[in-house]
Amino acid sequence: MYKVFVNEKKLLLSKHPEDLEKNLGYESFTTLEIALDLLENTSVTELNVFGENIGEIWQEFQKLFRIIEAAGGIVNNPDGEILFIKRLGKWDLPKGKMEKGESKEESAVREIEEETGLQHVELVKFINTTYHIYVERNGEKILKCTHWFEMNFNGEAVFKPQTEEGITEVAWKNTTQIEGEVFPSTFKNIQLIVQDFWNSKARQS
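Residues numbered from 1 in each chain as written. Predicted model: local features only at pLDDT ≥ 70, side-chain atom pairs only at ≥ 80, totals over all residues. Heavy atoms only, no water.

### Describing the environment of Pro78
1) Next: Tracing the chain through its elements places Pro78 in the loop between β5 (66–76) and β6 (82–87).
2) Next: Along the sequence, Pro78 and Met151 sit 73 residues apart, while their C-alpha atoms lie 11 Å from each other.
3) Next: For Pro78, the residues in contact, after removing those within four places along its chain, are Phe153 and Asn154. (Helix = DSSP H or I, 4+ residues; strand = E, 2+ residues; numbered from the N terminus. Contact = heavy atoms within 4.5 Å.)

Okay, here's the thing in structure tokens:
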């Protein structure tokens, strides 16, 4: 199953019909074009395209876009808080585009250090990948695939927001602050990855 956000609307690619506002059975490449058109140009807020061969559907879907790969992290401190940045008025997790020759892990660590000023974060493990679609100024459609990693930080935090990237604030947030302050002012794929992280932690405990 793949969850893709299109202008904060949810597109699900799965094997079976889901309990969403609209379901489309996959017949051909055209089904995917119709699905995107419905999300971009109508009031439909969530849509599922389903078919047995999910791998084939995903491969066909990717042909609609130029793909950009990025990496980032959910950084924890010993108090159980998560590190967030504020960029262009919205809370976000530190992340950025992968550079040529970098591994996902190297990219995630580099982006966190660049965007927050934090040094010597410890990479723990891969969490999940989120997907969202946006359109460049030239009209080109981009599918951004962001690979997320769990990380720990135990040192003394000296923050230095990367202002040239539009980052104005770096802050630790506890669970109450995340639910009350961050979630109402962030992106749905950020909520998704934080929830995935919390769920994985709950299963481990």
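### Describing the pattern of salt bridges
1) Next: One pass over the full model with this rule turns up 13 salt bridges.
2) Next: The closest approach of N and O atoms between Glu136 and Arg66, which form a salt bridge, is 3.5 Å. Placement of the pair is Glu136 in the loop between β9 (122–135) and β10 (141–152) and Arg66 in strand β5, with a sequence separation of 70 residues.
3) Next: Put simply, Arg66 and Glu140 hold a salt bridge, and the shortest N to O gap is 3.1 Å. Within this pair, whereas Arg66 is found in strand β5, its partner Glu140 is found in the loop between β9 and β10, the two being separated by 74 residues in sequence.
4) Next: Looking at Arg66, the relative accessible area reads 37%, which means it is partly exposed.
5) Next: Linked by salt bridges that have partners in common, Glu99, Glu102, Arg110, Glu111 and Glu114 make up one network. (Salt bridge = Lys/Arg side-chain N within 4 Å of Asp/Glu carboxyl O. Buried < 20%, exposed > 50% of the residue type's maximum accessible area, 1.4 Å probe, protein only.)

### Things to note about the packing of aromatic side chains
1) Next: A complete count under the given rule lists nine aromatic pairs for this structure.
2) Next: Considering the side-chain rings of Phe126 and Phe149, the 5.5 Å spacing of their centres and the 70° angle between planes classify their relative orientation as edge-to-face. Of the two residues, Phe126 sits in strand β9 while Phe149 sits in strand β10, which places them 23 residues apart along the sequence.
3) Next: For Phe149, a relative accessible area of 2% gives the class buried.
4) Next: Here the aromatic cluster, defined as three or more aromatic residues joined through ring pairs, consists of Tyr2, Trp58, Phe61, Phe65 and Tyr131. (Phe/Tyr/Trp six-rings, centres within 6.5 Å; stacked < 30°, edge-to-face > 60°.)

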